[in-house]
Amino acid sequence: MERAPKTQEVMGWKVAASLFLIATGAGSYLIGFLFGLIDSAESMTLSKLAVILGVPFVLVGGCLLLCDMGQKSKFYHMISRPGSSWMSRGAFFVTLFLVFNLIHLFTGIWPTTTLLTYPALYFMVGIIASILAVLTLGYTGFLLGAVKAIPFWSSSFLPWLFLFSGLSTGAMATSLLFSVYRFAGGEASVQSLAGLAHFNFFVIILEAIVLFSYLGVMKSRGAGSVKTLTRGKLAKAFWGGVVFAALIVPFVIEALKSFIPLSTAPLLVLALLGGIVGLLGGYMLRHVVVYGGTRIPLNVQGQRVAPPPEKYETKVIDSDYQSFQKA
Amino acid sequence: MVRYGMVIDLKRCLGCDTCTMACKAANATTRGILWNRVLKYETGKYPHVRLNYLPVLCMHCKEPECEKVCPTGATSKREDGIVVVDNEKCVGCRYCMLACVYASRTFYEEVRTFYPGHMTRFEQTGYDRHRLGTVEKCDFCLERVQAGQEPSCVVSCTGHARYFGNLDDPNSEVSRLIKERKGFVLNPEMNTDPSVYYLPSESGGRD
């Protein structure tokens, strides 16, 4: 019997969370590097906080991917085929990004203190780490895009969507950490927070344009997935988690922070609130993309047949056996 | 050159699942894992409907998507066209399962014995061939093929619906059947060039 298109069951929340964490880490590093270029006292604290965020986010994201693997002890095999596999390339980018991010982070500590005496070298490390951050941000889109069996993922919009979303969540994670730092008694000017909000305001607009263009294109190619997202079982996650939490709320908050002169306390509260809601929305975006992937049906001379299930439920046999034992 | 392939005559398939069980017995896969499956689907509109059977297994594609995406090289295509998974190299990322156009790969996630808490002698001997946390699939019964035998699903098929042979040999039975009976492959638009062909059911199936 031909069944309604069923969403994939191979990848779950661990993959969605790792895509989100890795992108957020790379995004915050990139923001930190860019704000570091401004070379003003106001932006220095924000830049340092953003660079600090890169490592833990990417590390936790990488660990989640590792947890999802069947053979965890062999993870190092992952980088053996960067020539053909996006997963291999991704592992390569993430590892190198972590290395360069750590060098940047611990510049003032042995053994990389020498970098401080060579500003050009220090700048080069930042440039390389930033290039790797962009690759880390974009590769997740290519990773899913290589799966031709799921047309919803096989789109050139996805790397752009993940790039803008990663930059946005990176900005919101930085705002969140900045406000926590200030509430904890840290000294830093809130001027840079308004600058970051201005940057994020435009990134969110780009993210929204890419997201709705993506869904518009997918209406025909990935109709099953778009239906699942907008009207099906992922509708609440999509409208509430992505449209409201990842786009509308951060957009309004960043607009308030950018264009309305606010005193320090409301600005920090807004940054805290926007950070929490925006990060949740960032995860939800990956969640709906990962869980919304629908396989193409088998084409039997033009007849569409539902593909075999990816997972088998065997609970019936267990219960049968248990009732047999009781008897 | 040899390129092993299979032809399944949908007119002769009874949907009895003997191939499914023969595969399971030959490869001792854990409970819940099937390398060979027989899908059932309806065609036509009431009252003129028909129940059709579609046996599916790894298609051993000439251009396998699973091989392209594998990050470790665990999935590879042999010179004889059989796509194999080296479970020593597989890290269980399951990327290949997503990439497979035919959803013909399975993940050996946990040991599930047929009787809870007890492994039969057959299970004990069979399960040594599998590696937990890796992806598995049909390998055309490679050991049998290397010994000059046909895959277990072919020899066990009660309706004699399956044929196995060299697709590159124009005089082989499989090549002849594909040519004479207009054999087709699943999802030709994906350009994977599968090695499993189907012969149309015409009046086959159960009315």
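Structure shown above.
Residues numbered from 1 in each chain as written. Chains lettered and ligands numbered in written order. Predicted model: local features only at pLDDT ≥ 70, side-chain atom pairs only at ≥ 80, totals over all residues.

**Digging into the overall build of chain A**
Scanning chain A from N- to C-terminus turns up eleven helices and two strands. For chain A, the N- to C-terminal ordering of α and β elements is α-α-α-α-α-α-α-α-α-α-β-β-α. Relative to the 2.2 N^0.38 estimate, which gives 20 Å for 327 residues, the radius of gyration of chain A is 22 Å and therefore close to what a compact globule would have. Referenced to the eigenvectors of the C-alpha coordinate spread, the extents of chain A come out at roughly 70 × 50 × 45 Å. Every one of the 327 residues in chain A was classed for burial, and the buried ones make up 47%. Of the contacts made within chain A by residues no fewer than 6 positions apart, 77% connect residues no fewer than 24 positions apart. (Helix = DSSP H or I, 4+ residues; strand = E, 2+ residues; numbered from the N terminus. Rg over C-alpha atoms; globule rule 2.2 N^0.38 Å. Buried ≥ 20, exposed ≤ 12 C-beta atoms within 10 Å, placed from the backbone. Contact = placed C-beta atoms within 7 Å.)

**Concerning the overall build of chain B**
Looking only at helices and strands, chain B has seven helices and nine strands in total. Taken over C-alpha atoms, the radius of gyration comes to 17 Å for chain B, in line with the 17 Å a tight globule of 207 residues would show. Taking the principal axes of the C-alpha coordinates as reference, chain B spans close to 45 × 40 × 30 Å. Taking all 207 residues of chain B together, the buried fraction comes to 45%. Sequence separation of 24 or more characterises 64% of the internal contacts of chain B that already satisfy a separation of 6 or more.

**Points about the sheet that holds strand β9 (residues 196-199) of chain B**
Remark on secondary structure: sheet strands pair via backbone hydrogen bonds, oriented parallel or antiparallel. All names here are of chain B. With mixed pairing, the three strands of this open sheet are ordered in space as β8-β1-β9. What marks the edges here is a single partner per strand, and that holds for β8 (162-166) and β9. Across the sheet, the mean angle from the axis of one strand to that of its neighbour is 25°, orientation sign disregarded. Across five bridges, strand β1 (residues 4-9) lies against β8 in antiparallel orientation. For valine 7, the partnering residue across the bridge sits in β8 and is tyrosine 163. Helix-sheet contacts for helix α7 (residues 173-180) involve β1, β8 and β9, and the interaxial angle to β8 is about 115°. (Pairing = 2+ DSSP bridges. Axes fitted to C-alpha atoms, helices over the stretch in contact; angles between N-to-C directions.)

**Describing helix α3 (residues 86-105) of chain A**
Taking 1.5 Å of rise per residue, the 20 residues of α3(A) would be expected to cover 28 Å, and the 27 Å separating its terminal C-alpha atoms lies within 8% of that figure. Residues Trp86(A), Met87(A), Ser88(A), Arg89(A), Gly90(A), Ala91(A), Phe93(A), Val94(A), Phe97(A), Phe100(A), Asn101(A) and His104(A) constitute the buried set of α3(A). Buried residues along α3(A) sit against α1 (13-37), α2 (41-68) and α5 (119-145) of chain A together with α2 (65-69) and α3 (95-99) of chain B. (Expected span 1.5 Å × (residues − 1).)

**Thoughts on the interface of chain A and chain B**
It is common to give the size of an interface as the accessible area that goes away when the parts come together. Contacts between the two partners involve 39 residues from chain A, matched on the other side by 43 residues from chain B. In terms of residue class, the side of chain A that touches chain B is built from 20 nonpolar, twelve polar and seven charged. (Nonpolar A, V, L, I, M, F, W, Y, C, P; charged D, E, K, R; others polar.)

**Some words on the packing of α2(A) against α3(A)**
Residues and elements named next belong to chain A. Running from amino to carboxyl end, α2 crosses α3 at an angle of 150°, the nearest separation of the two axes being 9 Å. Considered as vectors, α2 and α3 are oriented roughly antiparallel to each other. Taken as a pair, α2 and α3 cross one another with a handedness that is left-handed. Each of Val51, Ile52, Gly54, Val55, Val58, Leu59 and Gly62 in α2 lies in contact with α3, whose residues at this interface are Val94, Phe97, Leu98, Asn101, Leu102, His104 and Leu105. Of the residues contributing to the contact of α2 with α3, the split by class is ten nonpolar, four polar and no charged. (Parallel < 35°, antiparallel > 145°, perpendicular 65-115°, else oblique. Left-handed = near helix turned anticlockwise from the far one by under 90°.)

**Structural notes on the environment of Val249(A)**
Residue and element names in this part refer to chain A. Mapped onto the secondary structure, valine 249 falls in helix α9 (residues 235-259). Here the alpha-carbon distance between valine 249 and valine 277, two residues 28 residues apart in the chain, equals 7.3 Å. Every residue in contact with valine 249, bar those within four places of it in the chain, is listed here: Phe244, Gly274 and Val277.

**Brief notes about unusual backbone geometry**
All names here are of chain B. With an omega dihedral of 5°, the bond running from tyrosine 46 to proline 47 counts as a cis peptide bond. Note on placement: proline 47 falls in the loop between β2 (37-45) and β3 (48-56). You will see that aspartate 193, though not glycine, has its phi angle at about 50°, which is positive. For aspartate 193, a count of 15 C-beta atoms within 10 Å puts it in the partly exposed group.

**Structural notes on the pairing of β9(B)**
All names here are of chain B. Side chains of β9 alternate between two faces, with Val196 and Tyr198 and Tyr197 and Leu199 buried alike. Bridge count for β1 against β9 is four bridges, and the pairing is parallel. For aspartate 9, the partnering residue across the bridge sits in β9 and is leucine 199.

**Things to note about the pairing of β3(B)**
Residue and element names in this part refer to chain B. Inspection of the sheet shows β2 paired to β3 by nine bridges, in the antiparallel sense. Directly across from glutamate 42, in β3, lies its bridge partner leucine 51. Once β2 ends, the chain turns through two residues before running back antiparallel as β3.

**Section: the environment of Gly216(A)**
Its place among the elements puts Gly216(A) in helix α7 (residues 191-221). Here the alpha-carbon distance between Gly216(A) and Gly12(A), two residues 204 residues apart in the chain, equals 25 Å.

**Focus on α9(A)**
Residues and elements named next belong to chain A. For α9, the principal kink sits at phenylalanine 244 and spans about 45°. For α9, the complete set of buried residues consists of Phe238, Val242, Ala245, Ala246, Leu247, Pro250, Ile253, Glu254 and Lys257. Summarising the contacts, the buried residues of α9 are in contact with α6 (157-183), α7, α8 (223-230) and α10 (264-291). (Bend = angle between axes of the 7 residues up to and from the residue.)

**Notes on the environment of Val154(B)**
Residues and elements named next belong to chain B. Relative to the assigned elements, valine 154 resides in helix α6 (residues 152-156). Residue valine 154 is classed as buried on the basis of its C-beta count, with 22 C-beta atoms lying within 10 Å. Separated by 146 residues in sequence, valine 154 and isoleucine 8 have C-alpha atoms that sit 9.2 Å apart.

**Section: the packing of α1(A) against α10(A)**
Residue and element names in this part refer to chain A. As a packed pair, α1 and α10 sit with axes 8 Å apart at the nearest point and diverge in direction by 135°. By the criterion of interaxial angle, the relationship of α1 to α10 is oblique. Relative to α10, α1 is oriented so that their crossing is right-handed. Side by side, α1 and α10 meet where Trp13, Val15, Ala16, Ala17, Leu19, Phe20 and Thr24 of the first sit next to Gly282, Tyr283, Arg286, His287 and Val290 of the second. In the contact of α1 with α10, the residues fall into eight nonpolar, three polar and one charged.

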